[in-house]
Amino acid sequence: METVVWSKPKDQRAGTPLLVMMHGYGTDESRMVRLFDYLPSEFTFAALRAPMAIGDHYGWFLLDYFLVNDFADVISATNAVHAWVNSVREQHTSVSLMGYSQGMAMASTLLRLHPQAYTSVVGLSGFVLNNELLELTDSFDAKPPFFWGRDKADLVINEDAVAYTADWLEKNTLLTSRTYPGMGHAMSRAEMVDVSAFLRHYVLR
């Protein structure tokens, strides 16, 4: 990860829980940095910039409206994030993940490939990848806590992706699902209140 924005200076991170934050397709890490002030201050937040240039912005892997992707690109991006997390993991008490839009696909894929490595996951206005190879690896000793926030009227994530995501999360995670009418394909302050409560309950208690 060449560009990472931290919420705390290096000398204040040790002994804190880490929340790794991944932005959506065609945006950048600044989208996640804006959330720092609305989440529990006990955490250290790290907002990552995706490696693939999408015009003047960035993405984790190429994507179209139907969410079709090159799975090799998905695995490459996921492995890069996991390797980076492992390079900083020792100084933190735990590592959780947050992903917005395509970043939720990244966060859930990291969880599927490394279920013991992440304490909890927050997915915002996003989706879980519908992939047969990933389904072969799905195996959780205990259901991991997962927060899923969205607007039912979000037109960016198509109906099939929403249906698959809902089904996968119900089957495989300890799910907290919330909807926010009028939010659209975005994130809101009301949502961050719920996310903060989720993180306090599953990570800080």
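Check the entry above for the structure.
What counts, and at which threshold
- Residues numbered from 1 in each chain as written.
- Predicted model: local features only at pLDDT ≥ 70, side-chain atom pairs only at ≥ 80, totals over all residues.
- Heavy atoms only, no water.
- Core = buried A, V, L, I, M, F, W, Y, C linked by side-chain atoms within 4.5 Å.
- Buried < 20%, exposed > 50% of the residue type's maximum accessible area, 1.4 Å probe, protein only.
- Helix = DSSP H or I, 4+ residues; strand = E, 2+ residues; numbered from the N terminus.
- Expected span 1.5 Å × (residues − 1).
- Pairing = 2+ DSSP bridges.
- Axes fitted to C-alpha atoms, helices over the stretch in contact; angles between N-to-C directions.
- Contact = heavy atoms within 4.5 Å.

This paragraph deals with the nonpolar core. The biggest cluster of nonpolar side chains holds 40 residues, and the ones touching the most others in it are Val 20, Met 22, Trp 60, Phe 61, Val 81, Leu 97 and Tyr 118. Listing elements by their share of this core, those giving two or more residues are strand S2 (16–22), strand S3 (44–48), helix H2 (71–88), strand S6 (92–100), helix H3 (102–113), strand S8 (145–150) and helix H5 (159–172). In terms of residue count, the dominant contributor to this core is H2 (seven residues). Counting 23 residues, the second largest nonpolar core, distinct from the first, contains Leu 35, Met 98, Phe 198 and Val 203.

Since there are 3.6 residues in each turn of an α-helix, residues three or four apart along the chain are aligned in direction. For H3, spanning twelve residues, the distance from its first C-alpha to its last is 17 Å, which sits close to the expected 16 Å at 1.5 Å a residue. The element H3 is largely enclosed, with a buried count of eleven among its twelve residues. Turning to H3, its buried residues number three or more, namely Gln 102, Gly 103, Met 104, Ala 105, Met 106, Ala 107, Ser 108, Thr 109, Leu 110, Leu 111 and Arg 112.

Turning to the sheet that holds strand S9 (residues 174–179), a few remarks are in order. Strands sit in the order S1-S3-S2-S6-S7-S8-S9 across an open sheet of seven strands; the sheet is mixed. Two strands in the sheet have a free side with no partner beyond their single neighbour: strand S1 (4–6) and S9. Between one strand axis and the next, the sheet turns through 20° on average, direction left out of account. Bridge analysis of S2 against S6 gives six bridges, and the strand direction is parallel. Counted as the bridge partner of Val 20 is Leu 97 from S6. Lying over the sheet, helix H6 (residues 189–204) contacts S2, S6, strand S7 (121–124), S8 and S9, oriented at roughly 180° with respect to S8.

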